[in-house]
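# An overview of the molecular structure
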Amino acid sequence: MSAHQHTDELSINQALAWGYAQLIANKHISSDEARFEAQHLLCEVLKVNRAHILTWPENRLTQPAQSHYESLIKERKAGKPVAYILGYREFWGLKLGVTAETLIPRPDTEILVTEALKRITPKSKQLIDLGTGSGAIAIALAKENPKLIVIATDVHYPTLTVAKNNANLHQVKVSFIQCHWLEAFETLPKFDMIVSNPPYIETEDQYLQQGDLRYEPIRALASGDDGLDAIKQIIQESYPKLQSKGWLLLEHGYNQAEAVRSLLAQEGFCHIETIKDFAQHDRVSLGQK
Ligand SMILES: C[S@@+](CC[C@H](N)C(=O)[O-])C[C@H]1O[C@@H](n2cnc3c(N)ncnc32)[C@H](O)[C@@H]1O
């Protein structure tokens, strides 16, 4: 056994303290994250909720549970994101499978879902999510609007396989299509709404070499020198494919709102606005045809 492994079964509290100490040694993991993740991983191993581990701190782990916990903590300490270790992430209250083929859905993207829901009317028939990844946005919107025709695309087929499994798991009807942004959609009917959380990080951004991003697919993250390549293309392609009064909603970087609003205006969109995320950063910009 290595110096980091334990011969005696640890109590829940001891296991958490050990897990925390291991995780905090990784400079990309903050103290709050280390505390939360040590608890989260132990809950997964013991198949209990946080209330259980807080209520029964003296309970001892079995040897297999302890070994399992140690192996998960080791993976996390090495930098692997918790969502990839566990194979899922919660989004919009839904447990979504994620793999190395998909971006890990972020809480900020729920803002895009909220804003989309505000603009879906009883007359809305058809909506498309471009670059669906795990299917997060499309599945959340389909769950809330079972009568809406929801289409979701991604350029990468293995990503769509994960998204399809998630849609099946949550029993929502979404049509998945592999294509480059809107190129497969030459025909009518036009969309009532187009939503996308496209890649929007600058290709040379140092941030790509840090934390969870190092493990996520680069095609899901980076988009040209200014990060705006995908957004520019989506804005141009969307306008002719929207119904009159149809909406385009885009997630973007905290410092891209002005550029995105100006691209929307150039293309002819009106009622343009930007919505802030939980940290009060500009995060979603939208416009109406
Ligand atoms: C930032 S991720 C968003 C994933 C998901 N919508 C979410 O919010 O969690 C961007 C997604 O766009 C996809 N993508 C990249 N280039 C694309 C293209 N040219 N056409 C369609 N999808 C593309 C990537 O594969 C990735 O799944």
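Along each chain, residue indices are assigned from 1 in the same order as the chain's sequence is written. Totals for whole chains, interfaces and linings use every residue, but because this is a predicted model, local features are given only for residues with pLDDT of at least 70 and side-chain atom pairs only at 80 or more, for both listing and counting. Note that water and hydrogens are dropped before the side-chain values are worked out from all heavy atoms of the structure.

### As for the side chain of His-252
Looking at the element boundaries, His-252 is found in the loop between β7 (242-251) and α10 (257-267). Note on classification: 1.4 Å probe, protein chains only; a residue is buried when its accessible area is under 20% of the maximum for its type, exposed when over 50%, partly exposed between these limits. With relative accessibility at 0%, the residue His-252 sits in the buried group. For the purposes of this entry, the term helix denotes a DSSP run of H or I that reaches at least four residues, the term strand denotes a run of E that reaches at least two, and both are numbered from the N terminus.

### Quick look at the packing of helix α1 (residues 12-24) against helix α4 (residues 63-77)
In this description, a line fitted to the C-alpha atoms serves as the axis of each element, helices being fitted only across the stretch in contact, and the angle between N-to-C directions of two axes falls anywhere from 0 to 180 degrees. At a minimum axis distance of 9 Å, the contact between α1 and α4 shows a crossing angle of 20°. Taken together, the axis directions place α1 and α4 in an arrangement best described as roughly parallel. Taken as a pair, α1 and α4 cross one another with a handedness that is right-handed. Counted together, Ala-15, Leu-16, Trp-18, Gly-19, Gln-22 and Leu-23 of α1 and Tyr-69, Glu-70, Ile-73, Arg-76 and Lys-77 of α4 form the full contact between these two elements. Under the convention adopted here, Pro, Cys and the residues Ala, Val, Leu, Ile, Met, Phe, Trp and Tyr are nonpolar, Asp, Glu, Lys and Arg are charged, and Gly plus all remaining residues are polar. Taken together, the residues that form the contact of α1 with α4 break down as 6 nonpolar, 2 polar and 3 charged. Angle categories are assigned with fixed cut-offs, so that under 35 degrees is roughly parallel, over 145 is roughly antiparallel, 65 to 115 is roughly perpendicular, and the rest are oblique. Two helices that cross are described as forming a left-handed crossing if the nearer one is turned anticlockwise from the farther one by less than a right angle, and a right-handed crossing if clockwise. Should any heavy atoms of two residues lie within 4.5 Å, those residues are considered in contact.

### Quick word on the pattern of salt bridges
Whenever a carboxyl oxygen of Asp or Glu lies within 4 Å of a side-chain nitrogen of Lys or Arg, that contact is scored as a salt bridge. Counted by the stated rule, this structure contains 13 salt bridges. Between Glu-101 and Arg-219 there is a salt bridge, with the nearest N and O atoms lying 3.9 Å from each other. Of the two residues, Glu-101 sits in the loop between β2 (94-97) and α6 (109-119) while Arg-219 sits in the loop between β6 (191-196) and α9 (229-238), which places them 118 residues apart along the sequence. Connected through salt bridges with shared partners, the residues Glu-115, Lys-118, Arg-119 and Glu-273 form a single ionic network.

### Focus on unusual backbone geometry
The residue Gln-171 is not glycine, and still its phi comes out positive at about 55°. Looking at the element boundaries, Gln-171 is found in the loop between α8 (157-169) and β5 (174-178). Judged by its relative accessible area of 72%, Gln-171 falls in the exposed class. Phi angles above zero are rare outside glycine, and Gln-280 is one such case at about 65°. Relative to the helices and strands, Gln-280 resides in the loop between β8 (270-276) and β9 (282-288). Of the residues examined, Gln-280 reaches a relative accessible area of 54% and is grouped as exposed.

### Topic: the domain arrangement of the protein chain
Domain delimitation follows an automatic or database domain assignment. Domain boundaries assigned for the protein chain yield domain 1 (12-79) and domain 2 (100-288). Put simply, the middle of domain 1 and the middle of domain 2, counted by C-alpha atoms, are 34 Å apart. Accessible area, probed at 1.4 Å, shrinks when two parts are joined; the buried area is that loss added up over both. For the pair domain 1 and domain 2, the summed buried surface comes to about 340 Å²; carbon and sulfur atoms form 40% of the total. Our count for the domain 1 to domain 2 interface comes out at 1 salt bridge. In this structure, Asp-212 engages Arg-76 in a salt bridge whose closest nitrogen and oxygen atoms are separated by 3.6 Å. The class makeup of the residues in the side of domain 1 that touches domain 2 is 1 nonpolar, 2 polar and 1 charged.

### Quick word on the site of the ligand
Around the ligand sit 17 residues in total, of which Gly-131, Asp-154, His-180, Asn-197 and Ala-220 are the nearest. We call two N or O atoms a polar contact when they sit within 3.5 Å, provided that within protein one can donate a hydrogen and the other can accept it, with sequence-adjacent residues counted only if both atoms are side-chain atoms. One of the backbone nitrogen or oxygen atoms of Thr-132 is found 3.3 Å away from a nitrogen atom of the ligand. Asn-197 places a side-chain nitrogen or oxygen 2.8 Å from an oxygen atom of the ligand. Computed by Shrake-Rupley with a 1.4 Å probe, the accessible areas treat only the displayed protein chains as cover when residues are assessed. Its free accessible area being 600 Å², the ligand has 95% of it covered by the protein chains. Throughout, the term near means that a residue has one or more heavy atoms lying within 4 Å of the molecule or strand in question.

### A few points about the layout of surface pockets
Residues are said to line a cavity or pocket when one of their atoms sits within 4 Å of a point; the points come from a 1 Å grid over protein atoms alone, cavities being sets where a 1.4 Å probe fits but cannot get out and pockets being open sets with protein on both sides within 12 Å along at least five of seven lines. Grid points are joined across faces, edges and corners, and a volume is the space filled by probe spheres set on the points. One number sums up the size of the second largest pocket: a volume of about 290 Å³. Forming the walls of the second largest pocket are 20 residues, and the residues nearest its centre are Thr-121, Lys-123, Ser-124, Asp-192 and Gln-243. Looking at the lining of the second largest pocket, the elements with two or more residues in it are β3 (126-130), β6 and β7. For the lining of the second largest pocket, the element with the highest residue contribution is β7, accounting for 5 residues. Counted by class, the lining of the second largest pocket contains 7 nonpolar, 7 polar and 6 charged residues.

### Considering the environment of Asp-108
Relative to the elements of secondary structure, Asp-108 occurs in the loop between β2 and α6. Through-space distance from the C-alpha of Asp-108 to that of Val-284 is 9.2 Å; in sequence the pair is 176 residues apart. With near-sequence residues (within four places) excluded, Asp-108 lies in contact with Glu-251, Asp-277, Phe-278 and Arg-283.

### Comments concerning the packing of aromatic side chains
By convention, a stacked pair of Phe, Tyr or Trp rings (six-membered ring in the case of Trp) has centres within 6.5 Å and planes under 30 degrees apart, an edge-to-face pair has planes over 60 apart, and any other such pair is tilted. Applying the stated criterion across every chain yields a total of 3 aromatic pairs. Here the aromatic rings of Phe-185 and Phe-191 are separated by 5.5 Å at their centres, their planes lie at 70°, and the arrangement is edge-to-face. The residues Phe-185 and Phe-191 share a single accessibility class, namely buried. Above the ring of Tyr-88, the side-chain terminus of Lys-95 is found at 4.2 Å from the ring centroid. One cation-aromatic arrangement involves Arg-119 over Trp-247; the distance from NZ or CZ to the ring centre is 5.0 Å. For a lysine, the NZ atom is tested; for an arginine, the CZ atom; a charge sits over a ring if that atom is within 6 Å of the ring centre and within 35 degrees of the ring normal.

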